[in-house]
Amino acid sequence: DQQVKQNSPSLSVQEGRISILNCDYTNSMFDYFLWYKKYPAEGPTFLISISSIKDKNEDGRFTVFLNKSAKHLSLHIVPSQPGDSAVYFCAASVSSNTGKLIFGQGTTLQVKP
Amino acid sequence: GAGVSQSPSNKVTEKGKDVELRCDPISGHTALYWYRQSLGQGLEFLIYFQGNSAPDKSGLPSDRFSAERTGGSVSTLTIQRTQQEDSAVYLCASSLVGTGDFEQFFGPGTRLTVL
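What you see is a predicted model; the values in this text were computed from it and never measured.

## So, the sheet that holds strand 7 (residues 62-67) of chain A
Residue and element names in this part refer to chain A.
Turning to step 1, where the next piece is worked out: Taken in spatial order, the five strands line up as 1-3-8-7-6 in an open sheet, and their pairing is antiparallel. If you trace the sheet from one side to the other, it starts and ends with strand 1 (4-5) and strand 6 (56-59), each paired once.
Turning to step 2, where the next piece is worked out: Note: strand 7 against strand 8 (residues 72-77), six bridges, orientation antiparallel. Counted as the bridge partner of Thr63 is His76 from strand 8.

Given below as structure tokens:
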């Protein structure tokens, strides 16, 4: 039972263009969503988050959009840079709960120079 | 300040052996989590510690898996009688507060290979 799904295993974009990574979830109890970025042989690092009371959160080149009715969120990176090449994980949690994160399978982003 | 550290970074073991994986969380963080990432998969929650409360063990895949957190700091994940399907990267994370809206900081992981 995959509660958080990232249906695109990989994405390739040109430097300077927009990268859009998508994530779907099934559990309506989730009220906090996070994106983590992971380089090989390193642990994931936090990128950006959004509470379910918002539909958008922006931090520099990174913006996360949340569509609660569709149970869908997306991460936009603009402009994309070669250093953004990594695996991106979407995660969800119930904020009042223990904080355990439910992760998607990840999307490998490649930004070509 | 130091981040989350894990040891060993790599562990190769034979099927049937026991292994212990260690995690040193960020000082002052009250919550500690263990996850694992199998090949081609996302991160899978294993267990959660928060202060002196009883741990949330709901993610442990079998009774061969156990974890302790001593003195509210260092944690050890033990896998008994390892099986090949236990091969994965085991990741530890800590956060200041153990609720879902606080950032979790991850260690580099321990890559476990069971032959």
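## Re the interface of chain A and chain B
Turning to step 1, where the next piece is worked out: In this complex, chain A contributes 20 residues to the contact, which on the side of chain B involves 20 residues.
Turning to step 2, where the next piece is worked out: A combined buried area of about 1600 Å² lies between chain A and chain B, and 59% of that area is made up of carbon and sulfur atoms.
Turning to step 3, where the next piece is worked out: Of all residues in chain A, the largest losses of buried area upon contact with chain B belong to A:Thr98, A:Lys100 and A:Phe103, amounting jointly to 29% of the total for that side.
Turning to step 4, where the next piece is worked out: Our enumeration of links across chain A and chain B arrives at three residue pairs in polar contact (both at pLDDT 80 or more).
Turning to step 5, where the next piece is worked out: Elements with a minimum of two residues in the side of chain A that touches chain B: strand 4 (32-38) and strand 9 (86-93) of chain A.
Turning to step 6, where the next piece is worked out: No other element matches the three residues that strand 4 of chain A contributes to the side of chain A that touches chain B.

## Section: the sheet that holds strand 1 (residues 5-7) of chain B
Residue and element names in this part refer to chain B.
Turning to step 1, where the next piece is worked out: Within the open sheet, the four strands sit side by side as 1-3-7-6. Their pairing is antiparallel. Taken across any chain shown, the strands that pair with only one partner, and hence form the sheet edges, are strand 1 and strand 6 (65-69). Strand-to-strand twist across the sheet, computed as the mean angle between neighbouring axes with direction ignored, equals 15°.
Turning to step 2, where the next piece is worked out: As defined by bridge partners, strand 3 (residues 19-24) adjoins strand 7 (residues 75-79) across five bridges and the pair is classed as antiparallel. Bridging across to strand 7, Glu20 finds its partner in Thr78.

## Quick look at unusual backbone geometry
Turning to step 1, where the next piece is worked out: In this structure, A:Pro79 follows A:Val78 across a cis peptide bond, with omega equal to -5°.
Turning to step 2, where the next piece is worked out: Here A:Pro79 lies in the loop between strand 8 and strand 9.
Turning to step 3, where the next piece is worked out: Cis rather than trans, the peptide bond between B:Ser7 and B:Pro8 has omega equal to -10°.
Turning to step 4, where the next piece is worked out: Its location among the elements puts B:Pro8 in the loop between strand 1 and strand 2 (10-13).
Turning to step 5, where the next piece is worked out: Of note in the backbone geometry, A:Lys71 takes a positive phi value of approximately 50° without being a glycine.
Turning to step 6, where the next piece is worked out: Mapped onto the fold, A:Lys71 is located in the loop between strand 7 and strand 8.
Turning to step 7, where the next piece is worked out: The exposure class assigned to A:Lys71 is partly exposed, which follows from its relative accessible area of 26%.
Turning to step 8, where the next piece is worked out: Although it is not a glycine, B:Arg81 sits at a positive phi angle of roughly 45°.
Turning to step 9, where the next piece is worked out: Residue placement: B:Arg81 occurs in the loop between strand 7 and strand 8 (88-95).

Cut-offs used in this document
- Residues numbered from 1 in each chain as written.
- Chains lettered and ligands numbered in written order.
- Predicted model: local features only at pLDDT ≥ 70, side-chain atom pairs only at ≥ 80, totals over all residues.
- Heavy atoms only, no water.
- Pairing = 2+ DSSP bridges.
- Helix = DSSP H or I, 4+ residues; strand = E, 2+ residues; numbered from the N terminus.
- Contact = heavy atoms within 4.5 Å.
- Buried area = accessible area lost by both parts, 1.4 Å probe.
- Polar contact = N/O pair within 3.5 Å; in protein donor to acceptor, adjacent residues only side chain to side chain.
- Axes fitted to C-alpha atoms, helices over the stretch in contact; angles between N-to-C directions.
- Buried < 20%, exposed > 50% of the residue type's maximum accessible area, 1.4 Å probe, protein only.

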